[in-house]
Amino acid sequence: MAFVRILTALVRDKNIGKHVVPIVPDEARTFGIEGMFRQLGIYSAEGQKYVPVDKDQVMYYREDKAGQILEEGINEAGGFSSWIAAATSYSVSNVLMVPFYIFYSMFGLQRVGDLAWAAAAQRAGGFLLGATAGRTTLNGEGLQHEDGHSLLLASAVPNCIAYDAAFAYELAAIVADGLRRMYEQGEDVFYYLAVYNQDYPQAAKPEGVDEGILKGLYRFRRSASGAKTKAQLVGSGVILLQALRAQEMLAEKWNVAADVWSMTSAQQLRNEAPSVARWNRLHPAETPRVPHVTRTLAGAEGPGGV
């Protein structure tokens, strides 16, 4: 829902709205974007040739020759190929497009990961959304939705930036930074974002966390306990909710003061560390650089756990 609000705001923007390309392989209603059917229409070269069964509903299915949404049916390869076409249009047609490909996380890189590498080789730019991600949110059809590895697959692609946001403000900051890096600064990167369909209250954005969100780690909540025994809890995505519950349990039952950290991107933390180590090795006379994860956790007391 948070992502759809972001996407809706971008589509309505007078400056870039017409360049935004929402793409779904199937199940657009599952992802909550049916509200865009009437607003944008689903592209069809021949237009609507039948009366949809939901015509009497407010958000009915609508195809249009001028439609902006691409819906490829149950065809992940087709959806990804459409995304690549839009993501490389800047070099093919000299027109910048901002494609958002929304798919079941389990049915994305696991099935068409070779296309992700092809996109990387073609210097594609855009957003991939692994929707209903994780292992906690959509078990109605059994193990086929138990995705515990999409972020690992995305993280292996050198110019794919992978994030696992827990809250709406994190996702908004990441999308805004992605637009800046890809379309303002022209970096050869694209984004994979894990998004969930678990309902839970969205937290207010703490002050001064923007850098931490983008670099991959920030302290979300300090412990209110005055206990002498300290611990650090790190989580990402919906699992952060369990870290918050663990914070309460540690304080109430075991007199442990635990801070909770949101790890928005393990990939970004891991990639920066060896890069910093290499720079320090090649510049022995310079002041050593310190990776974000080391700098951020420098003052944290006690053991940590994910």
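Residues numbered from 1 in each chain as written. Predicted model: local features only at pLDDT ≥ 70, side-chain atom pairs only at ≥ 80, totals over all residues. Heavy atoms only, no water.

**Looking at the pairing of strand β10 (residues 229-235)**
The side chains of a regular strand alternate, first on one face of the sheet and then on the other.
Reasoning step 1: Taken across its 7 residues, β10 has 5 buried, putting it largely inside the fold.
Reasoning step 2: For β10 and strand β11 (residues 256-262), the ladder comprises 7 bridges, and the chain directions are parallel. Bridge pairing in β11 links Val234 to Trp261.
Reasoning step 3: One crossover worth recording links β10 to the parallel β11 by way of helix α9 (residues 240-254), and it is right-handed. (Buried < 20%, exposed > 50% of the residue type's maximum accessible area, 1.4 Å probe, protein only. Helix = DSSP H or I, 4+ residues; strand = E, 2+ residues; numbered from the N terminus. Pairing = 2+ DSSP bridges. Right-handed = clockwise from strand over helix to strand, strands pointing away.)

**Quick notes on the packing of helix α3 (residues 76-87) against helix α5 (residues 109-121)**
Reasoning step 1: α5 packs onto α3 with a crossing angle of 20 degrees between their chain directions and a minimal axis gap of 10 Å. Judged by the angle between their axes, α3 and α5 are roughly parallel. α3 and α5 meet at a crossing whose hand is right-handed. In this structure, α3 contributes Glu76, Ala77, Phe80, Ser81, Trp83 and Ile84 to the contact, and α5 contributes Leu109, Arg111, Val112, Leu115, Ala116 and Ala119.
Reasoning step 2: Split by residue class, the contact of α3 with α5 holds 9 nonpolar, 1 polar and 2 charged. (Axes fitted to C-alpha atoms, helices over the stretch in contact; angles between N-to-C directions. Parallel < 35°, antiparallel > 145°, perpendicular 65-115°, else oblique. Left-handed = near helix turned anticlockwise from the far one by under 90°. Contact = heavy atoms within 4.5 Å. Nonpolar A, V, L, I, M, F, W, Y, C, P; charged D, E, K, R; others polar.)

**With respect to the packing of aromatic side chains**
Reasoning step 1: The tally for this structure, following the rule as stated, stands at 13 aromatic pairs.
Reasoning step 2: Pairing Tyr101 with Phe103 gives two aromatic rings, centres 4.7 Å apart and planes at 45 degrees, and the pair type is tilted. The pair Tyr101 / Phe103 is uniform in exposure class, with both members buried.
Reasoning step 3: With 5.5 Å between their ring centres and 45 degrees between their planes, Phe127 and Tyr191 make a pair best called tilted. A residue pair is termed long-range when its members are at least 10 positions apart, and Phe127 in strand β6 (residues 127-131) and Tyr191 in strand β8 (residues 190-194) qualify at 64 residues. (Phe/Tyr/Trp six-rings, centres within 6.5 Å; stacked < 30°, edge-to-face > 60°.)

**Observations regarding the side chain of Thr88**
Reasoning step 1: Looking at the element boundaries, Thr88 is found in the loop between α3 and α4 (89-92).
Reasoning step 2: Its relative accessible area of 6% is what places Thr88 among the buried residues.
Reasoning step 3: Excluding residues within four positions of it along the chain, Thr88 makes contact with Gln122 and Ala124.

**With respect to the pattern of salt bridges**
Reasoning step 1: Applying the stated criterion across every chain yields a total of 9 salt bridges.
Reasoning step 2: Of the charged contacts, one joins Glu46 and Lys49 as a salt bridge, the two residues approaching to 3.2 Å between their closest N and O atoms.
Reasoning step 3: On the basis of relative accessibility, which here comes to 53%, the residue Glu46 falls in the exposed class.
Reasoning step 4: In this structure, the salt-bridge partner of Asp188 is Arg123, at a minimum N-O distance of 3.0 Å. One end of the pair, Asp188, is in the loop between α7 (168-184) and β8; the other, Arg123, is in the loop between α5 and β6, with 65 residues separating them in the sequence. (Salt bridge = Lys/Arg side-chain N within 4 Å of Asp/Glu carboxyl O.)

**Observations concerning the pairing of β8**
Reasoning step 1: The element β8 is extensively covered by neighbouring structure, given that 5 of its 5 residues are classed as buried.
Reasoning step 2: Taking every second residue as pointing to the same face, both faces of β8 are buried, with Phe190, Tyr192 and Ala194 on one and Tyr191 and Leu193 on the other.
Reasoning step 3: Where β6 and β8 come together, 4 bridges link them in parallel fashion. Looking across to β8, one finds that Leu128 is bridged to Tyr192.

**A few points about the nonpolar core**
Reasoning step 1: Within the largest apolar cluster, 80 residues are counted, with the highest numbers of intra-cluster contacts made by Phe80, Trp83, Phe100 and Phe127.
Reasoning step 2: Considering every element that reaches this core, the biggest residue donor is α7, with 7 residues.
Reasoning step 3: If we ignore the near neighbours within four places in the chain, the residues touching Phe80 are Tyr101, Leu109, Val112, Leu115, Ala116, Ala119 and Leu128.
Reasoning step 4: Grouped together as the second largest cluster of nonpolar side chains are 5 residues, Leu217, Trp261, Met263 and Leu269 included. (Core = buried A, V, L, I, M, F, W, Y, C linked by side-chain atoms within 4.5 Å.)

**Some details on the sheet that holds strand β1 (residues 20-24)**
Reasoning step 1: The 6 strands lie next to each other as β4-β1-β5-β6-β8-β7, forming an open sheet whose pairing is parallel. Of all strands in the sheet, those with a lone pairing partner are β4 (70-71) and β7 (160-163), marking the two edges.

**A word on the environment of Ala118**
Reasoning step 1: By the element assignment, Ala118 lies in helix α5.
Reasoning step 2: In this structure, the C-alpha to C-alpha distance between Ala118 and Leu297, residues 179 residues apart in sequence, is 37 Å.

**Here's the deal with the environment of Gln185**
Reasoning step 1: Examined against the element boundaries, Gln185 turns out to sit in the loop between α7 and β8.
Reasoning step 2: Exposure remark for Gln185: the relative accessible area of 46% places this residue in the partly exposed category.
Reasoning step 3: It is 20 Å that separates the C-alpha atoms of Gln185 and Asn271, two residues lying 86 residues apart in sequence.

**So, α3**
Reasoning step 1: A rise of 1.5 Å per residue sets the reference length of α3, with its 12 residues, at 16 Å; its end C-alpha atoms lie 16 Å apart and thus fit the reference within 8%.
Reasoning step 2: Burial within α3 is extensive, with 9 of its 12 residues counted as buried.
Reasoning step 3: Of all the residues in α3, the buried ones are Glu76, Gly78, Gly79, Phe80, Ser82, Trp83, Ile84, Ala86 and Ala87. (Expected span 1.5 Å × (residues − 1).)

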